[in-house]
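Breakdown of the fold
If you want the building blocks of each chain, they are given just below.
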Protein chains: 2
Amino acid sequence: MPAHDGLSSAAETGATPVKTGEGFYCFLRYGHILSSLLREFLESSFLEQFCPRRLTRSQFCFLKLIAGNSELQVGELARCLGVSPAASSKNIDRLERLGLVVRETSSEDRRATLLTVSPEGRRLVEDFERLKASQLAPVIEELGEERTEEFCDLLREVCLGLLERTTAPDAPCMRCAGYYSPDCSVVELHGECSLKPRRGVEA
Amino acid sequence: MPAHDGLSSAAETGATPVKTGEGFYCFLRYGHILSSLLREFLESSFLEQFCPRRLTRSQFCFLKLIAGNSELQVGELARCLGVSPAASSKNIDRLERLGLVVRETSSEDRRATLLTVSPEGRRLVEDFERLKASQLAPVIEELGEERTEEFCDLLREVCLGLLERTTAPDAPCMRCAGYYSPDCSVVELHGECSLKPRRGVEA
DNA sequence: CATAAAACATCAACCAGGTCAAATATTGAC
DNA sequence: GTCAATATTTGACCTGGTTGATGTTTTATG
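Since this is a predicted model, take the numbers as computed values, not measurements. Residue numbers restart at each chain and count upward from 1, following the sequence in its written direction. Each chain takes a letter, starting from A, and each ligand takes a number, starting from 1, following the order in which they are written. Local features are withheld for residues below a pLDDT of 70 in this predicted model, meaning they are given only at 70 or higher, and side-chain atom pairs are given and counted only at 80 or more; totals for whole chains, interfaces and linings count all residues.

Points about the overall build of chain A
- Each helix corresponds to a stretch of at least 4 residues labelled H or I by DSSP, and each strand to a stretch of at least 2 residues labelled E; elements are numbered beginning at the N terminus. The secondary structure content of chain A amounts to seven helices and three strands.
- Beginning at the N terminus, the succession of helices and strands in chain A can be written as α-α-β-α-α-β-β-α-α-α.
- A buried classification covers 42% of the 203 residues belonging to chain A.
- Placing C-beta atoms from the backbone, we regard two residues as in contact once those atoms come within 7 Å. Pairs at least 24 apart in sequence give 51% of the contacts found in chain A among residues at least 6 apart. Each residue is classed by its C-beta neighbour count within 10 Å, where at least 20 other C-beta atoms makes it buried, 12 or fewer makes it exposed, and intermediate counts make it partly exposed; the C-beta atoms are placed from backbone geometry.

Examining the protein's contact with DNA strand C
- Of all residues adjacent to DNA strand C, which total 22 residues, the nearest are Ser-84 and Ala-86 of chain A together with Gln-73, Gly-75 and Ala-86 of chain B.
- At the level of elements, α2 (57-68) and α4 (85-97) of chain A together with α3 (74-81) and α4 (85-97) of chain B are the ones that each hand at least two residues to the surface near DNA strand C.
- No other element matches α4 of chain B, which puts four residues into the surface near DNA strand C.
- Three classes are used, and their members are as follows: Ala, Val, Leu, Ile, Met, Phe, Trp, Tyr, Cys and Pro are nonpolar, Asp, Glu, Lys and Arg are charged, and the others, Gly among them, are polar. Taken together, the residues of the surface near DNA strand C sort by class into eight nonpolar, nine polar and five charged. For each residue, a C-beta atom is placed from the backbone, and the residue is labelled near a molecule or strand when this atom is within 6 Å of it.

Notes on unusual backbone geometry
- Of note in the backbone geometry, Glu-71 of chain A takes a positive phi value of approximately 60° without being a glycine.
- The topology assignment puts Glu-71 of chain A in the loop between α2 and β1 (72-73).

Things to note about the sheet that holds strand β3 (residues 113-117) of chain B
All names here are of chain B.
- One bridge is not enough; two strands pair if DSSP finds at least two bridges between them. The strand order β1-β3-β2 describes an open sheet built from three strands, whose pairing is antiparallel. For this open sheet the edge positions go to β1 (72-73) and β2 (101-105), each flanked by a neighbour on one side alone.
- Bridge count for β1 against β3 is two bridges, and the pairing is antiparallel. Bridge pairing in β3 links Leu-72 to Leu-115.
- Axis angles are defined between N-to-C directions and span 0 to 180 degrees, where every axis is a line fitted to C-alpha atoms and, for a helix, only to the segment in contact. Running at roughly 115° to β2, α4 makes contact with β2 and β3 of the sheet.

A short note on the sheet that holds strand β2 (residues 101-105) of chain A
All names here are of chain A.
- Reading across from one edge, β1-β3-β2 is the order of the three strands in this open sheet, with antiparallel pairing throughout. Looking at the sheet topology across the chains shown, the edges are occupied by β1 and β2.
- Each of β1, β2 and β3 (113-117) touches α2; the most contacted strand, β3, lies at about 95° to it.

Thoughts on the protein's contact with DNA strand D
- Near DNA strand D you find 23 residues, and of these Gln-73, Gly-75 and Ala-86 of chain A together with Ser-84 and Ala-86 of chain B are the closest.
- Listing elements by their share of the surface near DNA strand D, those giving two or more residues are α3 (74-81) and α4 of chain A together with α2 (57-68) and α4 of chain B.
- A total of five residues in the surface near DNA strand D trace back to one element, the largest contributor, which is α4 of chain A.
- Among the residues making up the surface near DNA strand D, the classes are represented as eight nonpolar, nine polar and six charged.

Concerning the pairing of β3 of chain A
- Pairing of β2 of chain A with β3 of chain A, which is carried by five bridges, proceeds in the antiparallel orientation. The residue bridging Val-101 of chain A from the neighbouring strand is Val-117 of chain A, located in β3 of chain A.

Structural notes on α3 of chain B
Residue and element names in this part refer to chain B.
- Those residues of α3 lying buried are Glu-76, Leu-77, Cys-80 and Leu-81. Buried residues in α3, looked at end-on, bunch into an arc of 125°, giving them a common side.
- Taken together, the buried residues of α3 touch α2, β1, α4 and β3. An arc is given here, and it is the one of the directions from the helix axis to the C-beta atoms.

Considerations on α2 of chain B
All names here are of chain B.
- Taking 1.5 Å of rise per residue, twelve residues should cover 16 Å, and α2 covers 16 Å from first to last C-alpha, within 8% of that figure.
- Where burial is concerned, most of α2 is hidden: ten out of the twelve residues are buried.
- Along α2, the positions that sit buried rather than exposed are Gln-59, Phe-60, Cys-61, Phe-62, Leu-63, Lys-64, Leu-65, Ile-66, Ala-67 and Gly-68. Residue count minus one, scaled by 1.5 Å, sets the expected span of a helix.

Details of the environment of Glu-164 of chain A
- Looking at the secondary structure, you find Glu-164 of chain A in helix α6 (residues 145-164).
- For Glu-164 of chain A and Leu-189 of chain A, which are 25 residues apart along the polypeptide, the C-alpha to C-alpha distance reads 6.9 Å.

Topic: the environment of Cys-61 of chain B
- Following the sequence through the fold, Cys-61 of chain B ends up in helix α2.
- The exposure class of Cys-61 of chain B is buried, given the 25 C-beta atoms found within 10 Å.

What about the packing of α2 of chain A against α4 of chain A?
Residues and elements named next belong to chain A.
- At a minimum axis distance of 10 Å, the contact between α2 and α4 shows a crossing angle of 80°. On the basis of their axis angle, the class for α2 and α4 is roughly perpendicular. Listed contacts from α4 to Ser-58, Gln-59, Phe-62 and Leu-63 of α2 are Asn-91, Ile-92, Arg-94 and Leu-95. Angular relationships are summarised with four words: roughly parallel below 35 degrees, roughly antiparallel beyond 145, roughly perpendicular across 65 to 115, and oblique for the angles in between.

Brief notes about the nonpolar core
- Residues enter a nonpolar core if they are buried, belong to Ala, Val, Leu, Ile, Met, Phe, Trp, Tyr or Cys, and are joined to the set through C-beta atoms within 7 Å. Within the largest apolar cluster, 74 residues are counted, with the highest numbers of intra-cluster contacts made by Cys-159 of chain A together with Phe-62, Leu-63, Ile-66 and Cys-159 of chain B.
- Ranked by the residues each element gives to this core, the list is headed by helix α1 (residues 22-50) of chain B, at ten residues.
- Sequence-distant contacts of Cys-159 of chain B, that is, excluding residues within four places in its chain, are made with Tyr-30, Ile-33, Leu-34 and Leu-37 of chain A.
- Membership of the second largest hydrophobic core comes to 21 residues, among which are Ala-67, Leu-72, Leu-95 and Leu-124 of chain A.

Here's the deal with the confidence of the model for chain A
Residues and elements named next belong to chain A.
- As a per-residue measure, pLDDT tells how confident the predictor is, with possible values from 0 to 100. Of the residues in chain A, 73% have a pLDDT of 70 or more, and the chain-wide mean is 79.
- When pLDDT is averaged over each helix and strand of chain A, the minimum, 75, is found for helix α7 (residues 185-189) and the maximum, 96, for β3.
- Throughout residues 1-19 the model reports pLDDT below 50, and contacts reaching past four residues in sequence, or to other chains, amount to 64 contacts.
- Note that residues 197-203 has pLDDT below 50 and, in this model, 13 contacts with residues that lie over four places away or in other chains.

Dropping the structure here:
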């Protein structure tokens, strides 16, 4: 699992920059660096140093979604994460064997199995968030409140600009990676939020 | 291959935000959305609609690096991308079979095989960059020169802040995903740039 | 010079995690 | 009651990664 996949303009493209200037390149450059960092340090490194038994990124991702949305079903989860129901089922097998989530057939619809996170599972996810916050907080603090807000505004604007110019894929939107916002601007452009219906069940 | 993996705080973490406020959450939220968008629309969608024969993200990534750095070796490439030499070799097999790259044993060191991109391979990579630019340019333009610059500054500052607070992994740095800059600030913090030595060979 | 050690690419065997297609159980519509 | 649709699981398979062994070439050393 490469920490950062480098799928982006390689150096030669300096030769044909289409007609775009400094800002364009700079944006791509730091955009990718930010992506890498978010992925690399806030996530992968955690998994290595924290997890009792090795969990892959993908498995942890299942765990997080289950922890965040109580009584999720196998298929729902699959749709959220953009994988087949079969894959979802198998991943849950593993999480269940590790004692991190619990399967339980629904009483209303006995075809469905509801997933809930176990106490250990919950603790794991919470540890993760705490670590993430502790690494991120000083950066935000150093930036200062005003500039942080400015940054968020700009980020938001750029994201929306990109979104406007793309067609929505049929997969559900999970772009916020679980950082739900009730007035999500993505929704306005591209249909429903897969987190919305159930979220908040256990706040 | 999920377009966006959702590995991040799920909703429940609104319950335990450690002590961090609005900006923290907002940053994570839009940071992840940006990541997803960079990945999803600028990259994955391209592969689907453009590639003559299906290339995976990973394979395209190999192609790009080869296109950008002439006479790369198999092992170097593996190191750049954080995979084993065996994996690198296999991926190159496939790219070679598709006629996108060319193997050639080095004349100086006959153990090494040098990789170069074929004309078709080059064209593919160029098409990719062009598409990417055409999707991104209007967003940048709409933002305006001044705000774009501001945004890049902030992005840069945040990235450096994060970098300062992390330990460098032993893998080579490819966080910029190929968007090289001669005065890369990542270098100042974390050793060498794997792109540096050869880049520019064929500009 | 001879030879041991290191470096490079590749091959084989294996594994993890995804796919699809089929099997099973349940539900809801008619 | 039948039948189509839904939810999950299972099995066969594929892909892309891993490790370890191998062959070749280079480099270092006695």
